[in-house]
Every structure is written in structure tokens, then in C-alpha cells.
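For reference, the chains in residue letters:
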Amino acid sequence: MNIQNVIFDWDGTLARTMDVWLDGYQRALEQRNFTFQPKEIVAEFFHDHHKVPDKHPHIGFHEIAEETRKYVLQALQEVELYEGAIETLSTLKDEKVPTSLVSSSSRRLLSSGTEVHGLSDFFQTTVAGDDGYGHKPDTRPFEEALDRMGADASRTLVIGDSHVDILAGKALGCRTCLFAPISNNLFHNFDYLRSMNADHEIEHLLDLLECI
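Residues numbered from 1 in each chain as written. Predicted model: local features only at pLDDT ≥ 70, side-chain atom pairs only at ≥ 80, totals over all residues. Heavy atoms only, no water.

> Hey, could you run me through empty space enclosed by the protein in this one?
A water-sized probe, rolled over the atoms, reveals where empty space remains. Summed over all chains, the structure comprises one cavity of 30 Å³ or more. Of the voids in this model, the largest cavity is the one considered here, and its volume is about 40 Å³. If you trace the largest cavity, you find it lined by W10, D11, T17, W21, V72, L76, S105 and L109. Across the lining of the largest cavity, the residue classes tally to five nonpolar, two polar and one charged. (1 Å grid on protein atoms, 1.4 Å probe; cavity = no way out; pocket = protein on both sides within 12 Å on 5 of 7 lines; lining within 4 Å. Points joined across faces, edges and corners; volume = space filled by probe spheres on them. Nonpolar A, V, L, I, M, F, W, Y, C, P; charged D, E, K, R; others polar.)

Below, the structure is given as C-alpha cells:
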């Protein structure tokens, strides 16, 4: 396939951070005697934060969101990686395939998670959500990563768990890989993700090596 570079997503692709966010919201809500099922929390609070106060005016969402962020920042010190994450990155490094990290998470959250697992040395560059290049599916953070790597989009593979990764990658002419482990079913509609028509779909990170 002649793939020479790989751009990874972080949340839901290398690290199980969405589980941490879910746990944080559950704790904050339960402490205020609000009961939401996990699927409801994902649907109501994971996206479009500016709409939540109007939809749920009585829960004090701003305080809940801030409390959840603080919880996540601490919990990232023990965040789990998806099985095969380090092995996949190590193999790519050994095979001299440059990798980078493009995330919508803030630099502070991203650094906290990557540093605790010693992942920083694997990436030629990282682009965080608050670096000033916009948020996925905006292509600018990916363009910045490609530019820093001196990489050709047509020889770069973008892997992520969300439609925004696939959309941005396709818009730039990159190859794309949807990461869809069964555990992510709680956070995503897999039928919708598959409608993005990624070039590859994998359930285990080590299978990425067969796409290179």
C-alpha cells in the first residue's frame, strides 16, 4: 500500500479516556442525586456542551462539567490503553514509520495521558485541540501534522474511532482506518461510522500493521 506515515487519534483510539469521562460524569451527577444511564450520559453530555444548559436547566451543568474535567485530569494518571497500543507503536517505530498524534483534547489532558505511559517518544509531533488549528473534522490540525512531518497525504494513514477522523482524513486525501472495538459501542453508532466508508476497519490495534 506504500503507507509511509500514520496519524493517530488519542481518545477512544489509543487510550480508553471516554470511559474515564463517563465515570467522571456519573460521579458528579450521582453526588447531586441525578440518575442517568451510561448511554444517556454519552448522548446528553459528551457533545454540544453549549446546548446542555437549555436541555437540562436544573442540574447545574457548568459545575458538573468543571468537576468532571478535574476528575479526568487526575484519573488520566491511571488511564488504560487499548490492548496492543504500545506494541503497535513500537513496531511502527522499529520499522521506521513516522507517527503523529492529532487530538481534540487540550494539550494539558493530552500530555497527562501520554506522559504517564511514556508514549511521547513514539510521536514525531502532536497537535492538541487548543493549539489553535481548530477541531476535527476541520482538516487544519491534520494539515499541520502533515506539514511538521514533511508527509504526503496520499501516503499517510489516519486512524481514529470517530467519524470526524475519517471525514478529515478523506478530505485531505489520506487513507483512513476506523478503529471499532466492541467496547466502543457504548460511545458510537457503528452503523453510522461505517457509512463513512473508511478504507479499513479494525477491532484490535495490532491489526493496523496489516494496513500499512
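The structure having been displayed, the exposition proceeds.
> Would you explain the packing of helix α1 (residues 17-30) against helix α4 (residues 61-75) in this entry?
In a packed pair of helices, the relevant descriptors are the angle between the two axes and the axis-to-axis distance. For the pair α1 and α4, interaxial distance at closest approach is 8 Å and the crossing angle is 135 degrees. Judged on the interaxial angle alone, α4 and α1 are oblique. Relative to α4, α1 is oriented so that their crossing is right-handed. Here α1 contributes V20, W21, D23, G24, Y25, R27, A28 and L29 to the contact with α4, which in turn contributes F61, I64, A65, E67, T68, R69, Y71, V72 and A75. Its residues assigned to classes, the contact of α1 with α4 comprises eleven nonpolar, two polar and four charged. (Axes fitted to C-alpha atoms, helices over the stretch in contact; angles between N-to-C directions. Helix = DSSP H or I, 4+ residues; strand = E, 2+ residues; numbered from the N terminus. Parallel < 35°, antiparallel > 145°, perpendicular 65-115°, else oblique. Left-handed = near helix turned anticlockwise from the far one by under 90°. Contact = heavy atoms within 4.5 Å.)

> Got a minute to help me understand α4 in this structure?
Structural remark: α-helix, 3.6 residues per turn; residues separated by three or four positions point the same way. Spanning 15 residues, α4 covers 20 Å between terminal C-alpha atoms, matching the ideal 21 Å at 1.5 Å per step. Those residues of α4 lying buried are F61, I64, A65, T68, V72, L73 and A75. Where α4 is buried, its residues meet α1, α2 (38-45), α3 (52-55) and α6 (107-116). (Expected span 1.5 Å × (residues − 1). Buried < 20%, exposed > 50% of the residue type's maximum accessible area, 1.4 Å probe, protein only.)

> Where do I start with the sheet that holds strand β2 (residues 99-102) in this structure?
Strand pairing in a sheet relies on backbone hydrogen bonds, with the paired strands running either antiparallel or parallel. One open sheet holds the six strands; their spatial order is β3-β2-β1-β4-β5-β6, and the pairing between them is parallel. Two strands close off the open sheet at either side, each with one partner strand: β3 (125-127) and β6 (200-202). Adjacent strand axes in the sheet meet at a mean angle of 20 degrees when their direction is disregarded. As judged from the four bridges shared by strand β1 (residues 5-8) and strand β4 (residues 156-160), these two strands associate in the parallel manner. Paired with N5 across the strands is T156, a residue of β4. Set on the sheet, α6 makes contact with β2 and β3; between it and β3 the angle comes to about 140 degrees. Packing of helix α7 (residues 140-149) onto the sheet brings it into contact with β1, β2, β3 and β4, and relative to β3 it is tilted by some 165 degrees. (Pairing = 2+ DSSP bridges.)

> What should I look at first to understand the packing of aromatic side chains in this one?
Per the counting criterion, the structure on display carries nine aromatic pairs. Between F45 and F61 the ring centres are 5.9 Å apart and the planes differ by 15 degrees, which places this aromatic pair in the stacked class. Placement of the pair is F45 in helix α2 and F61 in helix α4, with a sequence separation of 16 residues. Just as F45 is buried, F61 falls in that class too. Considering the side-chain rings of Y82 and F179, the 5.1 Å spacing of their centres and the 85 degrees angle between planes classify their relative orientation as edge-to-face. (Phe/Tyr/Trp six-rings, centres within 6.5 Å; stacked < 30°, edge-to-face > 60°.)

> Can you walk me through the layout of surface pockets in this structure?
Counted as a void, the largest pocket has a volume near 1,200 Å³. Along the wall of the largest pocket there are 35 residues; nearest its centre are D11, M18, F46, H47 and S104. For the lining of the largest pocket, the secondary-structure elements that each account for two or more residues are α1, α2, α4, α6, α8 (163-172) and α9 (190-194). Sorting elements by how many residues they give to the lining of the largest pocket places α4 first, with four residues. The class makeup of the residues in the lining of the largest pocket is twelve nonpolar, eleven polar and twelve charged. When its volume is computed, the second largest pocket comes out at roughly 170 Å³. Surrounding the second largest pocket, R16, Y82, E83, G84, F179, P181, I182, S183, E203, H204, L205 and L206 form its lining. Residues of the lining of the second largest pocket, tallied by class, amount to six nonpolar, three polar and three charged.

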